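# Examination of the molecular architecture
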Amino acid sequence: MRSSRRFCIIVYLLISKSYKWENCLKDSKSIENIEDTGEIMLNGFRLQDLKDAPFPLPGPLSLDMPLPDNRKTLQISMFTAKKSMGLGQILFELSALFGISKQLGRVPTINRGGGVWNTVTNAVTQHFPVFGSMFEMTDVEDSAAINVNLNIRFCCKFEDPRNLKSIEQQHLLLNGVYFQSFKYFHDFQSEIRMALTPPPDSALRAELMLPADFRDDFIICVHTKQPMIQDSGLSKPSDPIFTRRATDYLVSKYKTPSKRVTVVVLGNDPIWSQTLFHDKIGKSNYFSKFNDSSDSIFPTDSIDYTALLTLGLSPIDDVAFSRNFCDSILLTASTSSFGWWLGYLANDTAEIYYRDPKEVPDQMFAEMRLIDYYPNSWNKLRSSRFDKKMKESYNFE
């Protein structure tokens, strides 16, 4: 009798919403005559709840239930987001997640748990919503995914993810950190560059930083980095002597009688930049103690040019400036991840220079394979100890 009653209920739910309970039960005893009807269960629902519920029902019996999602997914540990690291480091991990997912035919996902999604939203996707739309939020626990080591030992050495194509499990989690190699995503550079286009308000602020009188100049953007409290300490800051002498060198390289060159200094410490380029941006009473031209940082034969400081600009605004105005970029903190992204997202025709990291070895350099970190089209700028003859202090390799 009970099985007959269950069969009628299922037929009722799947075939006819207008069918009456009384007709379904006409050949059986009335529900009211069954002892403790409220405790009778069907497919996880109480029978009384089924009788009283509006249709369509939620849950496993609903005719509107979505199809199961059988797509293969990919997550990475998102170490930089969990540790609330800088924009450049988070961009590396996200771009690697996207690039590896494309190579493996998987959906790039970010776990909602642990605040990772919120960190990514606050640091990245609120500024680059198109980039954020390339990832899906998931609640898949680490225990539900197969864990595989990739990029587990070194920050900046490439390991070919195509070796993981044979993995058939639905959810894959890569136990790696940093993923700071352009080779993880370089095949999709055009998609990433488009998705990381700065918002219009940043582009407007960047434009306001460059007076109209300088718009036709050849613009050299000098990225500098000084230590901040939250820094991981993995990379060394910009050296003032190298920064100033290398800038002078590039100005002399590009300046011609018909081409005026202007330097724009991008960085996280405008006071440091003001000090270093004070003779190029005008003397200030506040910085008068640095105006001694005999200071070893400032060569007496420095070529003539004007330096502009992007005072108060955010990192997103610096990206906008780099994209729109930089004809050449000098990365003075060679292992700065944010500086790297300024170069990668710059104008397609921009010439990129970086200091040879061998001259200032740090923890990142110890974990780095140069051909995996710097694109071949970038120029490595080397220096021996600087002397007063700038032309003898610089050479390219």
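Note that the structure is predicted; figures quoted are calculated from it, not measured.

About the cut-offs
- Residues numbered from 1 in each chain as written.
- Predicted model: local features only at pLDDT ≥ 70, side-chain atom pairs only at ≥ 80, totals over all residues.
- Heavy atoms only, no water.
- Axes fitted to C-alpha atoms, helices over the stretch in contact; angles between N-to-C directions.
- Helix = DSSP H or I, 4+ residues; strand = E, 2+ residues; numbered from the N terminus.
- Parallel < 35°, antiparallel > 145°, perpendicular 65-115°, else oblique.
- Left-handed = near helix turned anticlockwise from the far one by under 90°.
- Contact = heavy atoms within 4.5 Å.
- Nonpolar A, V, L, I, M, F, W, Y, C, P; charged D, E, K, R; others polar.
- Core = buried A, V, L, I, M, F, W, Y, C linked by side-chain atoms within 4.5 Å.
- Buried < 20%, exposed > 50% of the residue type's maximum accessible area, 1.4 Å probe, protein only.
- Pairing = 2+ DSSP bridges.
- Salt bridge = Lys/Arg side-chain N within 4 Å of Asp/Glu carboxyl O.
- Disulfide = S-S within 2.5 Å.
- Phe/Tyr/Trp six-rings, centres within 6.5 Å; stacked < 30°, edge-to-face > 60°.
- Lys NZ or Arg CZ within 6 Å of the ring centre and 35° of its normal.

Glancing now at the packing of helix 9 (residues 200-208) against helix 13 (residues 315-325). It is the contact of helix 9 with helix 13, at a shortest axis distance of 8 Å, that shows an interaxial angle of 70 degrees. Judged by the inter-axis angle, helix 9 sits roughly perpendicular to helix 13. You can see that helix 9 and helix 13 cross each other, and the crossing is right-handed. Contacts between helix 9 and helix 13 involve Ser202, Ala203, Arg205, Ala206 and Glu207 from the former and Ile316, Asp317, Ala320, Phe321, Asn324 and Phe325 from the latter. Its residues assigned to classes, the contact of helix 9 with helix 13 comprises 6 nonpolar, 2 polar and 3 charged.

Looking now at the nonpolar core. The biggest cluster of nonpolar side chains holds 73 residues, and the ones touching the most others in it are Phe131, Leu174, Phe321, Trp340 and Trp341. Apart from the residues within four sequence positions on either side, Phe321 is in contact with Ala206, Met209, Leu210, Ile219, Cys221, Val264, Leu266 and Cys326. By size, the runner-up hydrophobic cluster in this structure holds 21 residues, among which are Tyr249, Tyr254, Val261 and Leu330.

Turning next to the pairing of strand 7 (residues 171-175). With respect to burial, strand 7 is a largely interior element, 4 of its 5 residues being buried. In terms of strand pairing, strand 3 (residues 73-76) meets strand 7 through 4 bridges, oriented parallel. Along strand 7, the bridge assignment pairs Gln75 with Leu173. In this structure, strand 6 (residues 146-149) lies alongside strand 7, joined through 4 bridges in parallel fashion. Each bridged residue has a counterpart across the sheet, and for Ile146 the counterpart in strand 7 is Leu172.

Within the structure shown, the criterion is met by 17 salt bridges. For Glu191, the salt bridge identified is with Lys102, shortest N-O distance 3.8 Å. Of this pair, Glu191 sits in helix 8 (residues 189-195) while Lys102 sits in helix 5 (residues 87-104), and the two are 89 residues apart along the sequence. Among the charged side chains, a salt-bridge network with shared partners connects Asp69, Arg71 and Glu136.

The next thing to look at is the state of the cysteines. Throughout the structure, instances matching the rule amount to 2 disulfides. Disulfide pairing places Cys221 opposite Cys326 at an S-S distance of 1.9 Å. Taking the sign of the S-S torsion, -90 degrees for the link of Cys221 and Cys326, the bridge is left-handed. Pair noted here: Cys221 is in strand 8 (residues 218-224) and Cys326 is in the loop between helix 13 and strand 11 (328-331), with a separation of 105 residues, a long-range link. Of the two residues examined, Cys221 and Cys326, each falls in the buried class. Taken N- to C-terminal, the disulfide-bonded cysteines of the protein are connected 1-2, 3-4.

Evaluation of the coordinates by the stated rule reveals 23 aromatic pairs. With a centroid separation of 6.3 Å and 90 degrees between ring planes, the pair formed by Phe185 and Trp340 is classed as edge-to-face. Linking Phe185 in the loop between strand 7 and helix 8 with Trp340 in helix 14 (residues 337-344), this pair joins segments that are 155 residues apart in sequence. In terms of burial, Phe185 and Trp340 fall into one category: buried. Each residue in the set Phe92, Phe185, Trp340, Trp341, Tyr344, Tyr354, Tyr373, Tyr374 and Trp378 is aromatic and connected to the rest through ring pairs, giving one cluster. Sitting over the face of the ring of Tyr305, Lys280 holds its NZ or CZ atom 4.6 Å from the ring centroid.

Turning our eyes to something else, we now look at unusual backbone geometry. For Tyr178, which is not glycine, the phi dihedral falls at a positive 75 degrees. Summarising the element assignment, Tyr178 is placed in the loop between strand 7 and helix 8. Residue class for Tyr178 comes out buried when judged on its relative accessible area of 11%. The phi torsion at Phe179 lies on the positive side, around 50 degrees, for a residue other than glycine. For Phe179, the position within the fold is in the loop between strand 7 and helix 8.

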